[in-house]
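Each chain is listed here by its residues.
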Amino acid sequence: MRTIKLVVAYDGSCYHGFQKQKNILTIQNILEEMLEKLCGEKIAAAGSGRTDAGVHALGQTVTFTTNGRIPCANIVRASRSMLPRDIVVLSAEEMPENFHARFSACWKIYQYKIFCAPRPNPFKMRYSWQLTERLDVQAMNQAAAMLIGTHDFSAFRSSGSVESSPVKTVYEAGWRVQGGEFTFRIAGDGFLYHMVRNIVWSLVQVGLGKRSCADFAAELSAKRCEFLNEPAPAEGLYLEQVFYENYAVIETERLALRKLNYGDLAAVKHFLQDAEVMYAWEHGFSEQEAEAWLQENLRRYIDDGFSYFAAVEKNSGKIIGVMGPLMENINGVKTPGIGYILAKEYWRRGFAREAAKASIEYLYGLGYQRVVAEIRPENISSLKVAAALGMTQQGTLIKNYQGKELVHALYYARQKA
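Predicted model only: the values in this text are computed from it and were never measured. (Residues numbered from 1 in each chain as written. Predicted model: local features only at pLDDT ≥ 70, side-chain atom pairs only at ≥ 80, totals over all residues. Heavy atoms only, no water.)

Colleague: Honestly, helix H1 (residues 27-39) in this entry has me stumped. Any pointers?
Modeller: Between the first and last C-alpha of H1 there are 18 Å, a value that for 13 residues agrees with the 18 Å anticipated at 1.5 Å per step. Within the sequence span of H1, burial applies to Ile27, Gln28, Ile30, Leu31, Glu32, Met34, Leu35 and Cys39. Looking at the buried side of H1, the elements it contacts are strand E1 (2-10), strand E3 (56-66), helix H2 (72-82) and strand E4 (87-95). Glycine 40 sits one or two residues past H1 and shows a positive phi near 70°. (Helix = DSSP H or I, 4+ residues; strand = E, 2+ residues; numbered from the N terminus. Expected span 1.5 Å × (residues − 1). Buried < 20%, exposed > 50% of the residue type's maximum accessible area, 1.4 Å probe, protein only. Contact = heavy atoms within 4.5 Å.)

Structural data, given as structure tokens:
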């Protein structure tokens, strides 16, 4: 018996949610029907969680078991002609026997989209909550920061849910604005029924000036039904991705370093497009270069086992840069190293040193004996970090950036005893 993991994206507009129901069109019904034809047997699929009617998924995980021998690559190919256009199988892979889409999940990311404009946009009505009022995103982010940490979220749970612990840990929560589109992104180890939509509705009340941040703080510590709340419309909610490994690869006192994913592009572009931050590259990246950088970094996770990680400040849940271990090419030889792309304010607060120290220890833990940092002689901040960690210079390397040949000093961490 094989266990197969699918990652599926879908537009939930025309479906009554993910979960299978009799005589009602759902995502699970459609997937099982397709899989039964492919595998030639009865299939019972399981999702990482149910999404309600009208809710979308960028990366829902689905598992099923089968005696069929169809290769995973063929499942993806065949699904393109067997599924409606609003459901797409992105990937398929064979997993260990005890793997389960729901019970093996460690954490998830959801997105919620709001479109603010003087008049409704008919082309966005299925994919966002449309508002004509203005929102104060600064106030909404101030309130969202209160979600970070472990809390009892009973107050944001709707009735009709499956009985489960209301205590959940939120790792990241915040709003980004582009044009008239507001995107809320929240990462956590689990979510209650309607929890994200209820949180969004309350944050919008703060953004509209109808409630204060102090009111939101009181709601967060309240019990169910102690204040007025209702779920934000389903069409704005997206299940972004489900993860099956621990949130943080490396933890320090103030930072959680986790693997990047495609959904992080909007956050990391903020750093990659800043010429001052990207000093070592001699220019701020274009939109296309930023996307290519992220794709290359994700490929390195597969090839090398590690690369730049998202650096999340624990107190705020904000991505403040990308840092951590990476594989350098020193005169044609792969050598583990450390790197940081970080705004100046965080350099001054010692975050680069904190991440570098933890990254070196992480690489030693993997069995590496030498760890390098390539540093331009004029990069005083990086030189200070190297000195603080006891790294010593052993040679130089010339690298080409933007048509310029630039000298990099090679600093090595002390060999692990």
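Colleague: What am I meant to see in the packing of helix H4 (residues 195-207) against helix H5 (residues 213-220) here?
Modeller: Any two packed helices are characterised by the angle at which their axes cross and by the distance between the axes. Relative to each other, H4 and H5 sit at 160°, their axes nearing to 9 Å. In this view, H4 runs roughly antiparallel relative to H5, as classed from their interaxial angle. The interaxial crossing formed by H4 with H5 has right-handed handedness. Taking contact as the criterion, the partners of Ile199, Ser202, Leu203 and Val206 in H4 are, on H5, Cys213, Phe216 and Glu219. In terms of residue class, the contact of H4 with H5 is made up of 5 nonpolar, 1 polar and 1 charged. (Axes fitted to C-alpha atoms, helices over the stretch in contact; angles between N-to-C directions. Parallel < 35°, antiparallel > 145°, perpendicular 65-115°, else oblique. Left-handed = near helix turned anticlockwise from the far one by under 90°. Nonpolar A, V, L, I, M, F, W, Y, C, P; charged D, E, K, R; others polar.)

Colleague: Can you walk me through unusual backbone geometry in this structure?
Modeller: Negative phi is the rule for most residues except glycine; trans is the rule for most peptide bonds. Positive phi, normally seen in glycine, also occurs at glutamate 282, with a value near 70°. You can see glutamate 282 is positioned in the loop between helix H6 (265-272) and helix H7 (287-304). You will see that asparagine 331, though not glycine, has its phi angle at about 55°, which is positive. With respect to the helices, strands and loops of the structure, asparagine 331 is situated in the loop between strand E14 (318-330) and strand E15 (333-342). Residue classification places asparagine 331 among the exposed positions, given a relative accessible area of 63%.

Colleague: Help me understand the side chain of arginine 157 in this model?
Modeller: Topologically, arginine 157 is positioned in the loop between strand E7 (149-152) and strand E8 (167-178). Looking at arginine 157, the relative accessible area reads 10%, which means it is buried. At a separation of 3.0 Å, a polar atom in the side chain of arginine 157 contacts the side chain of serine 164. (Polar contact = N/O pair within 3.5 Å; in protein donor to acceptor, adjacent residues only side chain to side chain.)

Colleague: Is there a simple way to think about the environment of isoleucine 319 in this case?
Modeller: Locating isoleucine 319 in the fold gives a position in strand E14. With 93 residues separating them in the primary sequence, isoleucine 319 and tyrosine 412 have C-alpha atoms 27 Å apart. Setting aside its immediate chain neighbours within four residues, isoleucine 319 contacts Glu172, Arg258, Asp264, Ala267, Phe271, Ala310, Ala311 and Val312.

Colleague: Sorry if this is basic, but what is going on with the packing of aromatic side chains here?
Modeller: We describe a pair of aromatic rings using the distance from one ring centre to the other and the angle between the two ring planes. Within this structure, the stated rule accounts for 18 aromatic pairs. Judged by centre distance (5.1 Å) and plane angle (85°), the ring pair of tyrosine 340 and tryptophan 347 falls under edge-to-face. In this pair, the class of tyrosine 340 matches that of tryptophan 347, namely buried. Within the aromatic cluster, the residues linked to one another by ring pairs are Tyr301, Phe306, Phe309, Tyr362 and Tyr368. Sitting above the plane of the phenylalanine 115 ring, lysine 124 keeps its charged end 5.0 Å from the centroid. Directly above the ring of tyrosine 412 sits arginine 370, whose terminal nitrogen or CZ lies 4.0 Å from the centroid. (Phe/Tyr/Trp six-rings, centres within 6.5 Å; stacked < 30°, edge-to-face > 60°. Lys NZ or Arg CZ within 6 Å of the ring centre and 35° of its normal.)

Colleague: How should I be thinking about the nonpolar core in this particular structure?
Modeller: Nonpolar side chains in soluble globular proteins generally cluster together in the buried interior. Counting residues in hydrophobic clusters, the biggest one holds 68 residues, and the most contacted among them are Leu6, Ile114, Leu147, Phe184, Ile186 and Val200. Those residues in contact with isoleucine 114 that sit more than four places away from it in its chain are Ser128, Trp129, Leu131, Leu135, Trp175, Gly180, Glu181, Phe182, Val200 and Val204. Ala187, Ala310, Leu326 and Ile341 belong to the second largest nonpolar core, which has 64 residues in total. (Core = buried A, V, L, I, M, F, W, Y, C linked by side-chain atoms within 4.5 Å.)

Colleague: In this structure, what is going on with the environment of glutamine 205? I would like to understand it.
Modeller: Take glutamine 205: it is sitting in helix H4. Here glutamine 205 falls in the buried class, since its relative accessible area comes to 9%. With sequence-adjacent residues up to four places away left out, glutamine 205 is seen in contact with Lys210 and Arg211.

Colleague: Looking at this structure, how should I read the packing of H1 against H2?
Modeller: Axis separation between H1 and H2 bottoms out at 11 Å; the angle between their running directions is 125°. Taken as axis vectors, H1 and H2 run oblique relative to one another. H1 and H2 meet at a crossing whose hand is right-handed. On the side of H1, the interface is formed by Met34, Leu35, Lys37 and Leu38, while H2 contributes Ile75, Ala78, Ser79 and Met82.

Colleague: Help me understand the pattern of salt bridges, please; the structure alone is not making it clear to me.
Modeller: When charged atoms on two side chains of opposite charge get close, those side chains can pair. A complete count under the given rule lists 27 salt bridges for this structure. Between aspartate 52 and arginine 197 there is a salt bridge; the shortest N-O distance is 3.4 Å. Here the residue aspartate 52 occupies a position in the loop between strand E2 (46-47) and E3, and arginine 197 occupies one in helix H4, the gap between them amounting to 145 residues. Residue classification places arginine 197 among the buried residues on the basis of a relative accessible area of 11%. Between glutamate 181 and lysine 113 there is a salt bridge; the shortest N-O distance is 3.7 Å. Pair noted here: glutamate 181 is in strand E9 (residues 181-188) and lysine 113 is in strand E5 (residues 107-116), with a separation of 68 residues, a long-range link. The exposure class assigned to lysine 113 is buried, which follows from its relative accessible area of 16%. Among the charged side chains, a network of salt bridges with common partners joins Glu172, Arg185, Glu240, Arg258 and Asp264. (Salt bridge = Lys/Arg side-chain N within 4 Å of Asp/Glu carboxyl O.)

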